[in-house]
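# Secondary and tertiary structure notes
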Amino acid sequence: MIILPAIDMKDGQCVRLQRGAFSTVSRVADHALETARAFASAGAKWVHMVDLDGARDGVRQNFSAIYEVIQQSGLRVELGGGIKSCEDVDTVAGTGVSRLVIGSAAVTHPEVVDYALKQYGPGRVAVGIDCLNGRVRIAGWERDSALSGLELARRMEEKDVKIIIFTDIAADGMLSGPSFGQLAALQKAVGCGIVASGGVTTLDDIRRLRDMGLYGAVIGKAYYAGTIDLAEAVREAGPQR
């Protein structure tokens, strides 16, 4: 299982939110590149980055900091937030990211997923499914799509999406543990590789997700709050790739 420590960017700063609420934003690190290099020193091979301004408003004001991480950290970068059109896909892919994460557009403009898969292949494309009470939220988690997470996952599998990043919004940033039941239901519904995001708090969480056979796990607030040692999490997860 791959470990993806997370860096969320807003207004050029490294921040964390609670349950996706922008009113709860707090700065957690001084510099994205230095943080990413610390991840690499702990043995991580990937970093999960989110452009929160892009997700909410479509404004790429965090681009310079994200580009530094892509070019200088030595990590593979998985980037989501604000990929809403085919032009956005090309812009982000051109930065050298290893994987694009398409979120809201998978619901509102599914042709963007088709385009990304055709142009860059399923290895460079993931779909982010962010749910509250089982229903997909879009536009920076601020709007209810009226679509269930399982239904969206099935639609994406039909398009040949290979990787789904599932976030239970209720658990995100709360240090309450992942939503194992929802993750298991998703595994049963589709054959895609599943990345668990939201609530990963302890090494026991890492072990349980690994034993479930998940493709990956995102570690966010737990890293910054010190409830999990990243190097130990990497060792528990197994060989990184």
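Residues numbered from 1 in each chain as written. Predicted model: local features only at pLDDT ≥ 70, side-chain atom pairs only at ≥ 80, totals over all residues. Heavy atoms only, no water.

## Some remarks on the overall build of the chain
In terms of regular secondary structure, the chain is built from eleven helices and twelve strands. Against the compact-globule benchmark of 18 Å for 241 residues, the chain has a radius of gyration of 16 Å, which places it among compact chains. Buried residues in the chain amount to 54% of all 241 residues. Of the contacts made within the chain by residues no fewer than 6 positions apart, 68% connect residues no fewer than 24 positions apart. For the chain, the exposed surface amounts to about 9,900 Å²; the carbon and sulfur share of it is 45%. Side-chain charges in the chain split into 27 positive and 29 negative, and the spacing between the mean points of these groups amounts to 3 Å. (Helix = DSSP H or I, 4+ residues; strand = E, 2+ residues; numbered from the N terminus. Rg over C-alpha atoms; globule rule 2.2 N^0.38 Å. Buried < 20%, exposed > 50% of the residue type's maximum accessible area, 1.4 Å probe, protein only. Contact = heavy atoms within 4.5 Å. Areas by Shrake-Rupley, 256 points an atom, 1.4 Å probe, with all protein chains shown as cover. Lys, Arg positive; Asp, Glu negative; His and termini not counted. Charge placed at Lys NZ, Arg CZ, Asp CG, Glu CD.)

## Let's talk about the pattern of salt bridges
Evaluated as defined, the whole model comprises 13 salt bridges. With a closest N to O distance of 2.6 Å, glutamate 78 and arginine 99 form a salt bridge. Placement of the pair is glutamate 78 in strand E5 (residues 76–80) and arginine 99 in strand E6 (residues 99–102), with a sequence separation of 21 residues. For the residue pair glutamate 78 and arginine 99, the accessibility class agrees, reading buried in each case. Residue arginine 207 pairs with aspartate 204 through a salt bridge whose shortest N-O separation is 2.5 Å. Placement of both arginine 207 and aspartate 204 in helix H9 (residues 203–212) is noted, with a separation of three residues, approximately one turn of the helix. What makes arginine 207 partly exposed here is its relative accessible area of 26%. A relative accessible area of 51% places aspartate 204 in the exposed class. Among the charged side chains, a salt-bridge network with shared partners connects Asp204, Arg207, Arg210, Asp211 and Glu236. (Salt bridge = Lys/Arg side-chain N within 4 Å of Asp/Glu carboxyl O.)

## Concerning the packing of aromatic side chains
Using the criterion set out here, one finds three aromatic pairs in the structure. With 5.7 Å between their ring centres and 20° between their planes, phenylalanine 63 and tyrosine 67 make a pair best called stacked. Here tyrosine 67 and phenylalanine 63 lie together in helix H3 (residues 63–72), a separation of four residues that amounts to about one turn. With 5.1 Å between their ring centres and 90° between their planes, tyrosine 223 and tyrosine 224 make a pair best called edge-to-face. Using a relative accessible area of 25% as the deciding quantity, one classes tyrosine 223 as partly exposed. Residue class for tyrosine 224 comes out partly exposed when judged on its relative accessible area of 21%. Site record: aromatic cluster; members linked through ring pairs are Phe39, Tyr223 and Tyr224. (Phe/Tyr/Trp six-rings, centres within 6.5 Å; stacked < 30°, edge-to-face > 60°.)

## Points about the environment of leucine 100
By secondary structure assignment, the location of leucine 100 is in strand E6. In this structure leucine 100 comes out as buried when scored by relative accessible area, which is 0%. In this structure, the C-alpha to C-alpha distance between leucine 100 and glutamate 158, residues 58 residues apart in sequence, is 18 Å. Leucine 100 has contacts with Leu79, Ile83, Val89, Val92, Ala93, Tyr120, Arg124, Val125 and Ala126, leaving out every residue within four places of it along the chain.

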